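Below, each chain spelled out in residue letters.
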Amino acid sequence: MAASITPSLRSALERLKHAGSVNGLLLCWRRQILINLLPFEEFRAERLLQVIHDARAHFASGGDRDVTTFWFGYEGVFILALFHGECLLVTLHTHASEVDFLRRAGLTFLDDTQLLVQTLLQPSPDDEISREETQPLGQVGSDGLPPEGSGPTKVIPRKA
């Protein structure tokens, strides 16, 4: 996914990482990793993402169940996976008693950051990538302005 992550999205995820006994977080869109704050290598995070999506597809295969939350318990660590639309938030934590708090905090995070995730996935035209893809206006007249017939762009000079 894009390496240019919205700083406020990352900082919101960092704040969520300091809630309770959280050891790591993974924010995904569909089957792509947006932000990986897990204590694992990237390929292990991708594997975890694929397993969670496969588990959701397995339970939804009958057509009557739409699973939005998974909670797995292992020796010493728990995994909470929250689906919200096309986004997935995976939380690793160590205290089972905090799962309800982390679930509410995770859902609140996903609700509050939908605009930030949308900005990350579909950047606005005035970001760096779009500026690199813009085309020059063409020939410039003797006054330093483009000619009148150069297209739909109308330049209003500062001097009247």
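As a reminder, the structure under discussion sits directly above these lines.
Conventions adopted
Here the residue numbers are simple positions, counted from 1 along each chain's written sequence. It should be noted that, the model being predicted, local features are given only for residues of pLDDT at least 70 and side-chain atom pairs only at 80 or more, the latter also being counted only at that level, while totals for whole chains, interfaces and linings use all residues. For side-chain calculations, the full set of non-hydrogen atoms in the structure is used, while hydrogens and water are omitted. Counting from the N terminus, the helices are the DSSP runs of H or I reaching at least four residues and the strands are the DSSP runs of E reaching at least two. Expected helix span is computed as 1.5 Å times (number of residues minus one). For every residue, the accessible area obtained with a 1.4 Å probe (protein chains only) is divided by the maximum for its type, and the residue is called buried under 20%, exposed over 50%, and partly exposed between those limits. Directions drawn from the helix axis to the C-beta atoms are what define this arc. By this definition, two strands are paired if DSSP reports at least two bridges between them. For helices, the axis comes from a line fit to the C-alpha atoms of the stretch in contact; other axes are also lines fit to C-alpha atoms, and the angle between any two N-to-C directions lies between 0 and 180 degrees. Any pair of residues with heavy atoms lying within 4.5 Å of one another is described as a contacting pair.

Some thoughts on helix α3 (residues 99-112)
No. 1: For α3, built from 14 residues, the straight-helix expectation of 20 Å at 1.5 Å per residue is met to within 8% by its first-to-last C-alpha distance of 20 Å.
No. 2: Along α3, the residues classified as buried are Val99, Leu102, Ala105, Gly106, Phe109 and Leu110. Down the axis, α3 shows its buried residues gathered within 135° of arc, on one side only.

With respect to the sheet that holds strand β5 (residues 87-93)
No. 1: Spatial ordering of the open sheet is given by β2-β1-β5-β4-β3, a layout of 5 strands whose pairing is antiparallel. Each edge of the open sheet carries a strand with a single partner, namely β2 (32-36) and β3 (69-74). Between one strand axis and the next, the sheet turns by 20° as a mean value, whatever way the strands run.
No. 2: Two elements, strand β1 (residues 22-29) and β5, share 7 bridges in a ladder whose sense is antiparallel. Bridging from a neighbouring strand, Leu25 pairs with Thr91 of β5.
No. 3: Strands β1, β2, β3, β4 (77-84) and β5 of the sheet are contacted by helix α2 (residues 42-60), whose axis makes an angle of about 125° with β2.
No. 4: Contacting β1, β3, β4 and β5, α3 crosses the sheet at an angle of about 35° to β4.

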